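# Understanding the architecture of this molecule
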Amino acid sequence: MACLFRSIDILVLNNNTFSSVHHPASIALELKLHDWRKGLRQANHHLFAVDYSCVCIPRRTITEYMLTSFESSPIGLVMFTPEDKQPFVVVSEAKPSDEKWPVAVKWLEQTIDVWEGGVTVEP
Amino acid sequence: MNHRPRHFVRYGTHTEQRFLTGKLANTYEGLFLNANMVAWAPAAMAAFVGERVQKPYCIDPLTHGFQDNLDNLKSWTTDGQFTIKSSISKLIQAYGDPIESRVLQREEAVLPEDFAANETTREFVGRVLSFQTSSLPDEASDLQEYFEFAGVENPLQPFWLVAPYFYMSEKTFEDWLPVNIRMVLEAASQIPPGSRLAAELLISPGILKSERIVSSITKSYSDLPCNVVHLWIDGFEEWEQSIDMLQAYVRLIKNLGRPVVALYGSYLSICLANQGILEAVCHGPGYGESREAYPVGGGIPRAQFYHPQLHKRLGFGTALSVVREHLTSTGKYLRNVCTCPLCQEIMSSIDDANISFGRFGESKNTTAKRAHGYMTVSYSTSRALELAGKHFMYNKHREFCEAQPPEDIVTSLSAAYSRNRRKLGLEEVHHCKSWAQVLEGLEC
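Since we're looking at a predicted model, the values are computed, not measured.

## Overview of the interface of chain A and chain B
In this assembly, 18 residues from chain A lie in contact with 24 residues from chain B. For the pairing of chain A and chain B, the buried interface totals around 1700 Å² over both sides, and the portion due to carbon and sulfur atoms is 64%. Here chain A is connected to chain B by three residue pairs in polar contact (both at pLDDT 80 or more). Elements with a contribution of two residues or more to the side of chain A that touches chain B: β1 (2-3), α3 (102-116) and β8 (121-122) of chain A. Considering every element that reaches the side of chain A that touches chain B, the biggest residue donor is α3 of chain A, with four residues. Residue classes in the side of chain A that touches chain B are distributed as eleven nonpolar, four polar and three charged.

This is the structure:
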């Protein structure tokens, strides 16, 4: 999902799996296999357009430094294990974006409208 | 022509005419044309330079393009052939031997020994100069008569004639330096009376790190019978350089001991020109403040916002994080970010600074099939590219007209560094500190 010249890997709408919000929210998930630091930077960028932004990594050991990095930022950390009954585990909860920019939100909504209206795919 | 133009723009493609005409024609003083563009469309270039903009121009002969990997000169044709581009072929034919026989006929790069014979060098230099003096005038002989009648200097004669030149790195400078020197000496003996000769010095940035090589080059070039040195340091992004490299850059300019034009320069070079250390500076419209010697491919064009206080192009997301606090009203934006004619126009069209500024970030999405699914990519709209380009041109013009004393420029750069380093991190803003240090240390 394109967002301000970058791409949101997964955009979750109206779902509170990744945060304790109790109202409809938009959540960006940045998928990373290894480079969580890069994921953190990219996820930060999405805060212009979404309510919450998270980095999603495969199950791994979480270092103290890694945890502190996420806890001191608005970005959430989620681990994904496809074979588990509950595949998503929230390690560090996302905080609401205080960066949201109305113009970017509108652009994202327009992109979603295009998707919902059917996508023309270039070969 | 008594006024010496200081602000040049590199004409990259025909679509860039939108940044060089109309109101924007007043934002720059001269043009650099790439020789392959001239070879490909001489009539269009003559009409543009002689009729539409009527500004001093100079043709960069781009002779270095024939000394290295020839793949840089090729493209795929519709029938699947990877061949030398048509515009380059035309240029090669104009330049003749040894380039024609090596590159066009044998698909081999030219080497220093190809210029061993005096006769070969003399004829080659003659053809390269003749290409520059006749390409545009030949296409507009009627205009030439008009200028003669009016008694004004013919804008279709290049402002500088450029001697053929070849790229020198720290590995190859000993091979190419003697050739480059001979090219300039030969050109000096052949140029028409009253013409200005430029020696183009294209070097790798690594050369700046070697005092021995720099000294050898400056010694050779400072004695040459030319009017100006056109300096091009391969991929030298002034905003990415260490203080040592920037100081070496300034030392090189000063030690050349003659007027120097930076062919690809950003705000630091403009400050050096404003202080009389550089003769002139050139850049591309909306980009082109640095350039690799060899093309490295295109990529997706994205509108980048030139931030007037950081003197740097920023991706839209980064620009937004810097500018955002000033988007509470159009007046605040105009007071604190930019007052260029383009910004004044877009800010006055809608009374919401967010929406107005958002025009710089307008994009369109394209979804394409990839190996593992679909991927959506954002492209800048052509309108966003146009706005960013115009905003850039107006700001470059302002920088050239800046009448601030050097100490005020140092203060402004230091303030921009302090104000934005928390927001953007040191990497993004450190050039302000480095440039301030360089300008502070200048002895004019």
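There is more to say, and it comes next.
## Some details on the pattern of salt bridges
All names here are of chain B. Evaluated as defined, the whole model comprises 18 salt bridges over all chains. Between Asp60 and Arg10 there is a salt bridge; the shortest N-O distance is 3.2 Å. Note that Asp60 is positioned in strand β3 (residues 57-60) and Arg10 in strand β1 (residues 7-11), a separation of 50 residues in sequence. Exposure remark for Arg10: the relative accessible area of 4% places this residue in the buried category. In this structure, Arg398 engages Glu402 in a salt bridge whose closest nitrogen and oxygen atoms are separated by 3.9 Å. On the basis of relative accessible area, Arg398 is assigned to the partly exposed category, the value being 33%.

## Some words on helix α15 (residues 382-401) of chain B
When the terminal C-alpha atoms of α15 of chain B are compared, their 29 Å separation across 20 residues agrees well with the 28 Å that a helix rising 1.5 Å per residue should span. The complete set of buried residues in α15 of chain B reads Ala384, Leu387, Ala388, Gly389, His391, Phe392, Met393, Tyr394, Asn395, Lys396, Glu399 and Phe400 of chain B.

## Structural notes on the packing of helix α9 (residues 243-255) of chain B against helix α17 (residues 426-440) of chain B
All names here are of chain B. Taken N-terminus to C-terminus, the directions of α9 and α17 make an angle of 40°; their axes are 10 Å apart at the nearest point. By the criterion of interaxial angle, the relationship of α9 to α17 is oblique. Here α9 and α17 pass one another in a crossing that is right-handed. Across the interface between the two elements, Ile243, Leu246, Gln247 and Val250 from α9 touch Ser434, Trp435, Gln437 and Val438 from α17. Partitioned by chemical class, the residues of the contact of α9 with α17 number five nonpolar, three polar and no charged.

## Section: unusual backbone geometry
Residues and elements named next belong to chain B. The omega angle of the peptide bond from Asp97 to Pro98 is 5°, so this bond is cis rather than trans. Notably, Gln54 is not glycine yet its phi reads approximately 45°, a positive angle. Positionally, Gln54 belongs in the loop between α2 (42-53) and β3. Under the relative-accessibility criterion, Gln54 is labelled partly exposed at 47%. At Leu62, a residue that is not glycine, the phi angle is positive and equals roughly 55°.

## So, the packing of aromatic side chains
Throughout the structure, instances matching the rule amount to 28 aromatic pairs over all chains. Relative to Phe70 of chain A, the ring of Trp36 of chain A has its centre 5.7 Å away and its plane inclined at 40°; by these criteria the two rings are tilted. Here Phe70 of chain A lies in helix α2 (residues 64-71) and Trp36 of chain A lies in helix α1 (residues 36-46), a separation of 34 residues in the sequence. As far as the burial class goes, Trp36 of chain A and Phe70 of chain A line up, both buried. With a centroid separation of 4.9 Å and an interplanar angle of 70°, the aromatic rings of Phe305 of chain B and Phe360 of chain B are classed as edge-to-face. Note that Phe305 of chain B is positioned in strand β11 (residues 305-307) and Phe360 of chain B in the loop between α14 (353-358) and β13 (363-370), a separation of 55 residues in sequence. Judged by relative accessible area, Phe360 of chain B falls into the buried class, the value being 1%. Of the aromatic side chains, those joined through ring pairs into one cluster are Trp101 and Trp107 of chain A together with Phe305, Phe316, Tyr333, Phe357 and Phe360 of chain B. Over the face of the ring belonging to Tyr28 of chain B we find Lys55 of chain B, whose NZ or CZ atom lies 4.7 Å from the ring centre. If you follow Arg196 of chain B out to its NZ or CZ, it ends over the ring of Phe159 of chain B, 4.1 Å from the centre.

Reading the values: rules and limits
Residues numbered from 1 in each chain as written. Chains lettered and ligands numbered in written order. Predicted model: local features only at pLDDT ≥ 70, side-chain atom pairs only at ≥ 80, totals over all residues. Heavy atoms only, no water. Contact = heavy atoms within 4.5 Å. Buried area = accessible area lost by both parts, 1.4 Å probe. Polar contact = N/O pair within 3.5 Å; in protein donor to acceptor, adjacent residues only side chain to side chain. Helix = DSSP H or I, 4+ residues; strand = E, 2+ residues; numbered from the N terminus. Nonpolar A, V, L, I, M, F, W, Y, C, P; charged D, E, K, R; others polar. Salt bridge = Lys/Arg side-chain N within 4 Å of Asp/Glu carboxyl O. Buried < 20%, exposed > 50% of the residue type's maximum accessible area, 1.4 Å probe, protein only. Expected span 1.5 Å × (residues − 1). Axes fitted to C-alpha atoms, helices over the stretch in contact; angles between N-to-C directions. Parallel < 35°, antiparallel > 145°, perpendicular 65-115°, else oblique. Left-handed = near helix turned anticlockwise from the far one by under 90°. Phe/Tyr/Trp six-rings, centres within 6.5 Å; stacked < 30°, edge-to-face > 60°. Lys NZ or Arg CZ within 6 Å of the ring centre and 35° of its normal.

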